[in-house]
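If you want the building blocks of each chain, they are given just below.
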Amino acid sequence: MALIELENVTKVYHSGGTAYPALRGVSLSIRTGEFAAIMGASGSGKTILLNLIGCMDLPTSGIYRFDGVDMSRAGENQLAQIRGRRIAFVFQNFALLDRYTVRENVEVPLLRQALPRAERKTRAMAALTAVGIAGLAQKRPGELSGGQKQRAAIARAIACGAEVLLADEPTGALDSQTGKEIMDLFARFHARGGTVVLITHDRQVAAYAKRQITIQDGRIIQDEMV
């Protein structure tokens, strides 16, 4: 059974009495442990698709199942648990909070799990060690380079025990060498059995994925294993 399954999903936005279709009948299945890259031009619908997969939004029509559960029938508590425990996002802008240290930023999603403070710290430090920046735990985001910020963002994602990493242009703000180092971290997460779905315009980044999906005007026009 697929971990992520969309059946004829549409997403329509309305503004000023006009309907704007963003996704048009998308059907897609992703199994546990896959590494998939979603590509397409700006405005093609790829970020909206990623948000639906991450339970940040719900389709206008069609069905989205995560691990066999129809998300349109899930309550807000169930959706929040999936977002906080099983799925994690990594953003191009890092989404770190400047008022917190790096370690505290990594602990943020753990607060929703009601873990004891000592366990939160232990898990955060383990995640920072895994991405190679344990020595920066007490720094503030403003003291980090772009690559270090992205490592911290990945640590935050894996600290909560997420089995799925969703990434929106995770190397877009980084130089090529730092981008390669970040993609190597995604590859290691995948090699340990994790599921990765990322958006990219970069063919070199997409080459890390075992599956490449191209979306155009809200429709999947190509889906191939590589």
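Because the structure is predicted, anything quoted here is derived from the model rather than measured.

A word on the pairing of strand 6 (residues 87-91). Most of strand 6 is tucked away, with four of its five residues classed as buried. As paired elements, strand 6 and strand 7 (residues 164-168) share five bridges and run parallel to each other. If you follow Ile87 over to strand 7, its bridge partner there is Val164.

Now for the sheet that holds strand 10 (residues 219-225). With mixed pairing, six strands are arranged side by side in an open sheet as 6-7-8-3-9-10. The open sheet has two edge strands, strand 6 and strand 10, and neither has a second partner. Across the sheet, the mean angle separating the axes of adjacent strands is 15 degrees when strand polarity is ignored. Relative to strand 8 (residues 195-199), strand 3 (residues 35-39) runs parallel, the two sharing four bridges. From the neighbouring strand, Ala37 faces strand 8, where its bridge partner is Leu198. Packed on one face of the sheet, helix 1 (residues 46-53) meets strand 3, strand 6, strand 7, strand 8 and strand 9 (211-216) and runs near 155 degrees to strand 7. Contacting strand 6 and strand 7, helix 2 (residues 76-86) runs over the sheet at an angle of about 65 degrees to strand 6.

Right, let's get into the pairing of strand 7. Here strand 7 lies mainly inside the structure; five of its five residues are buried. Burial along strand 7 is two-sided: the face carrying Val164, Leu166 and Asp168 and the face carrying Leu165 and Ala167 are both buried. Bridge count between strand 7 and strand 8: five bridges; the pairing is parallel. Bridging from a neighbouring strand, Leu165 pairs with Val196 of strand 8. Assessed by its sense of winding, the connection that carries the chain from strand 7 through helix 6 (residues 176-191) to strand 8 is right-handed.

All right, on to the packing of helix 4 (residues 117-130) against helix 5 (residues 146-159) then. Where helix 4 contacts helix 5, the two axes come as close as 8 Å, and the packing angle between them is 130 degrees. As judged from the angle between their axes, helix 4 and helix 5 are oblique. Crossing of helix 4 over helix 5 shows right-handed handedness. Two secondary-structure elements touch here, helix 4 through Arg123, Ala127, Leu128 and Ala130 and helix 5 through Ala155, Ile158 and Ala159. Of the residues in the contact of helix 4 with helix 5, the class split is six nonpolar, no polar and one charged.

The tally for this structure, following the rule as stated, stands at 14 salt bridges. Lys11 is the salt-bridge partner of Asp57, the closest N and O atoms lying 3.1 Å from each other. Taken together, the positions of Asp57 in the loop between helix 1 and strand 4 (61-66) and Lys11 in strand 1 (residues 4-15) put the pair 46 residues apart, joining distant regions of the chain. Where Arg103 meets Glu107, a salt bridge forms, and the shortest distance between an N and an O atom there is 2.6 Å. Highlighted residues: Arg103 and Glu107, both in helix 3 (residues 102-111), separated by four residues, approximately one helical turn. Residues joined by salt bridges that share partners form a network here, namely Glu5, Glu7 and Arg65.

A few words on the side chain of Glu34. Of note, Glu34 is situated in the loop between strand 2 (18-30) and strand 3. Classification of Glu34 as buried rests on a relative accessible area of 7%. Among the polar contacts made by the side chain of Glu34, one reaches the side chain of Arg211 at a distance of 3.1 Å. If we ignore the near neighbours within four places in the chain, the residues touching Glu34 are Ser29, His190, Gly194, Thr195, Val196, Arg211 and Met225.

A few words on the environment of Asp67. Position of Asp67 among the secondary structure elements: in the loop between strand 4 and strand 5 (69-70). Judged by relative accessible area, Asp67 falls into the partly exposed class, the value being 33%. In this structure, the C-alpha to C-alpha distance between Asp67 and Val9, residues 58 residues apart in sequence, is 17 Å. If near-sequence neighbours (up to four positions away) are discounted, Asp67 is found in contact with Met1, Ala2, Leu3 and Arg86. Among the polar contacts made by the side chain of Asp67, one reaches the side chain of Arg86 at a distance of 3.0 Å.

Rules behind the numbers
Residues numbered from 1 in each chain as written. Predicted model: local features only at pLDDT ≥ 70, side-chain atom pairs only at ≥ 80, totals over all residues. Heavy atoms only, no water. Buried < 20%, exposed > 50% of the residue type's maximum accessible area, 1.4 Å probe, protein only. Helix = DSSP H or I, 4+ residues; strand = E, 2+ residues; numbered from the N terminus. Pairing = 2+ DSSP bridges. Axes fitted to C-alpha atoms, helices over the stretch in contact; angles between N-to-C directions. Contact = heavy atoms within 4.5 Å. Right-handed = clockwise from strand over helix to strand, strands pointing away. Parallel < 35°, antiparallel > 145°, perpendicular 65-115°, else oblique. Left-handed = near helix turned anticlockwise from the far one by under 90°. Nonpolar A, V, L, I, M, F, W, Y, C, P; charged D, E, K, R; others polar. Salt bridge = Lys/Arg side-chain N within 4 Å of Asp/Glu carboxyl O. Polar contact = N/O pair within 3.5 Å; in protein donor to acceptor, adjacent residues only side chain to side chain.

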